[in-house]
Amino acid sequence: MQDFGKVAVLMGGFSSEREVSLASGQAVLEALRSKGVDAHAFDPKETPLGELKTQGFDCAFNILHGVFGEDGTVQGALEALGIRYTGCGVLASSIGMDKYRSKLLWKGLGLPVPDYAVLRDDSDFDAVERQLGLPMFVKPANEGSSVGVVKVKEAGRLKEVYHELKQFRGEIIAEAFIGGGEYTCGILNGRALPSVRIIPATEFYDKEAKYDRDDTVYLCPSDLSEEDERLMRDLTVRAFHAIGGRGWGRIDFLKDESGRLYLLEANTLPGMTSHSLVPKAAAQQGWDFAQLCVEILKTAYVE
């Protein structure tokens, strides 16, 4: 076992995903301790980050989800403190958190993304409905865990939904509905993990389906053909590299009825709860949860 020194498991934080982060953090904390790592819980909402240095921490396993933890903010603070940390750096975290700008980047590189539109106060909402068709999804560009995602099915409702979502920071985007299946593919140390097919019992893979229900079906190995599995893993590596990703992460996908794959979004700090997807994929290549946590911890560094 590598000597990682004193490790802070960063969990909780300030975002709308605080409770999910606490669940992820507790699971990671117990796993690292089971492997003999000197790991300790650290919640930036309760204790200033500067205490990491004062209390002699050598390394941080960052499992903060959402704003502050996943958008480059805490990454910049850890670099200023000179503390090694897991996950993507400042720039990749910022881009990965922003669904709009990650789509711009991927589209510019010729990678497949669903048709979308950025909504503003002066948008022609009827024209957007005609462009994207119904149903469509509307979501804040800078939230995770499906926070704020709305499926718009009735004509004329898009403007109302947009104004409901303006409480969130950043752009609001509308996205064409793609209904052939939901998938995800993790990545660790530059290598894509086996894909996972997600079959929610709810209308789509919303926050309830992710964290609160036990009837969401996960297929790993997924139902992709060998050719599509290779393609998804290749797209995962390319998409993650495009945003400057490092260490570990996850790329979410949609498949249309003809079988074409589309990049949906990047997740630079995936969940690590009992429902989470990266642990399911890692198990397919023989890693239990504790070993996965150690492998992630091995990727920690500071720029």
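Per an unreviewed UniProt entry, the protein is named D-alanine--D-alanine ligase, and its organism is Neisseria elongata subsp. glycolytica ATCC 29315. Regarding the protein, the relevant UniProt record gives this comment under Sequence similarities (unreviewed entry): "Belongs to the D-alanine--D-alanine ligase family." Per UniProt, the protein has the following entry under Pathway (unreviewed entry): "Cell wall biogenesis; peptidoglycan biosynthesis."

1. Points about helix α9 (residues 226-242)
Residues three or four positions apart in an α-helix share a direction because the helix packs 3.6 residues into each turn. The first and last C-alpha atoms of α9 sit 24 Å apart over 17 residues, in line with the 24 Å expected at 1.5 Å per residue. All of the buried residues in α9 are Glu 229, Met 232, Leu 235, Thr 236, Ala 239 and Phe 240. Around the axis of α9, the buried residues are gathered within 130° of arc, so they sit on the same side. Set apart from the buried face of α9 by more than 90 degrees, the exposed residues are Glu 226, Glu 227, Arg 230 and His 241. On its buried face, α9 is in contact with α5 (99-108), β9 (182-188), β10 (191-199), β12 (248-255) and β13 (261-267).

2. Observations concerning the sheet that holds β9
Pairing is antiparallel in the open sheet, where 5 strands are placed in the order β11-β10-β9-β12-β13. Each of the sheet's edge strands pairs with one partner strand only, and the pair in question is β11 (217-219) and β13. Put simply, the sheet's adjacent strands are angled 30° from each other on average, direction ignored. Relative to β13, β12 runs antiparallel, the two sharing 6 bridges. What sits directly across from Leu 254, in β13, is Tyr 262. Taken strand by strand, helix α10 (residues 277-284) contacts β9, β10, β11 and β12, and its axis lies near 120° from that of β10.

3. Side note on the domain arrangement of the protein
Partitioning the protein into domains gives domain 1 (7-87), domain 2 (95-111 + 179-268) and domain 3 (116-176). If you average the C-alpha positions of domain 1 and of domain 3, the two centres end up 33 Å apart. Every contact between the two is made by 4 residues of domain 1 and, on the other side, 6 residues of domain 3. Here domain 1 meets domain 3 over a buried area of about 370 Å², counting both sides, of which 41% is carbon and sulfur. Along the contact surface separating domain 1 from domain 3 lie 1 salt bridge. Of the charged contacts, one joins Arg 169 and Asp 71 as a salt bridge, the two residues approaching to 3.2 Å between their closest N and O atoms. Scanning the region where domain 1 abuts domain 3 turns up 2 residue pairs in polar contact (both at pLDDT 80 or more). Split into classes, the residues belonging to the side of domain 1 that touches domain 3 amount to 1 nonpolar, 1 polar and 2 charged.

4. Some points on the pairing of strand β8 (residues 172-176)
Burial analysis of β8 places 5 of its 5 residues in the buried class, the great majority of the element. Alternating residues of β8 divide into Ile 172, Ala 174 and Ala 176 and Ile 173 and Glu 175, and every residue in both groups is buried. Both strand β5 (residues 116-119) and β8 contribute to a ladder of 4 bridges, which runs antiparallel. Pairing of Tyr 116 across the sheet is with Glu 175, part of β8. Alignment of strand β6 (residues 136-140) against β8, held across 5 bridges, turns out to be antiparallel. Residue pairing across strands places Pro 140 opposite Ile 172, the latter belonging to β8.

5. Some details on the nonpolar core
Of all hydrophobic cores here, the largest spans 34 residues; its most connected members are Val 7, Val 9, Leu 32, Phe 61, Trp 248, Met 272 and Leu 297. Of all elements in the fold, only β1 (6-10), α1 (18-34), β3 (59-62), β10, α10 and α11 (289-297) reach the threshold of two or more residues within this core. The biggest single contributor to this core is α11, with 6 residues. Residues lining this core come from more than one domain, with at least three contributed by each of domain 1 (7-87) and domain 2 (95-111 + 179-268). With near-sequence residues (within four places) excluded, Leu 297 lies in contact with Phe 4, Val 7, Leu 32, Val 37, Cys 59, Phe 61 and Thr 86. In terms of nonpolar packing, the next biggest core, distinct from the first, is built from 21 residues, Leu 111, Ala 192, Ala 239 and Phe 253 among them.

6. Considering the sheet that holds strand β7 (residues 150-152)
Within the open sheet, the 4 strands sit side by side as β5-β8-β6-β7. Their pairing is antiparallel. Taken across any chain shown, the strands that pair with only one partner, and hence form the sheet edges, are β5 and β7. Across the sheet, the mean angle separating the axes of adjacent strands is 25° when strand polarity is ignored.

About the thresholds
- Residues numbered from 1 in each chain as written.
- Predicted model: local features only at pLDDT ≥ 70, side-chain atom pairs only at ≥ 80, totals over all residues.
- Heavy atoms only, no water.
- UniProt positions renumbered as here; feature names shortened; annotations may be inferred.
- Helix = DSSP H or I, 4+ residues; strand = E, 2+ residues; numbered from the N terminus.
- Expected span 1.5 Å × (residues − 1).
- Buried < 20%, exposed > 50% of the residue type's maximum accessible area, 1.4 Å probe, protein only.
- Arc of directions from axis to C-beta.
- Contact = heavy atoms within 4.5 Å.
- Pairing = 2+ DSSP bridges.
- Axes fitted to C-alpha atoms, helices over the stretch in contact; angles between N-to-C directions.
- Domains from an automatic or database assignment.
- Buried area = accessible area lost by both parts, 1.4 Å probe.
- Salt bridge = Lys/Arg side-chain N within 4 Å of Asp/Glu carboxyl O.
- Polar contact = N/O pair within 3.5 Å; in protein donor to acceptor, adjacent residues only side chain to side chain.
- Nonpolar A, V, L, I, M, F, W, Y, C, P; charged D, E, K, R; others polar.
- Core = buried A, V, L, I, M, F, W, Y, C linked by side-chain atoms within 4.5 Å.

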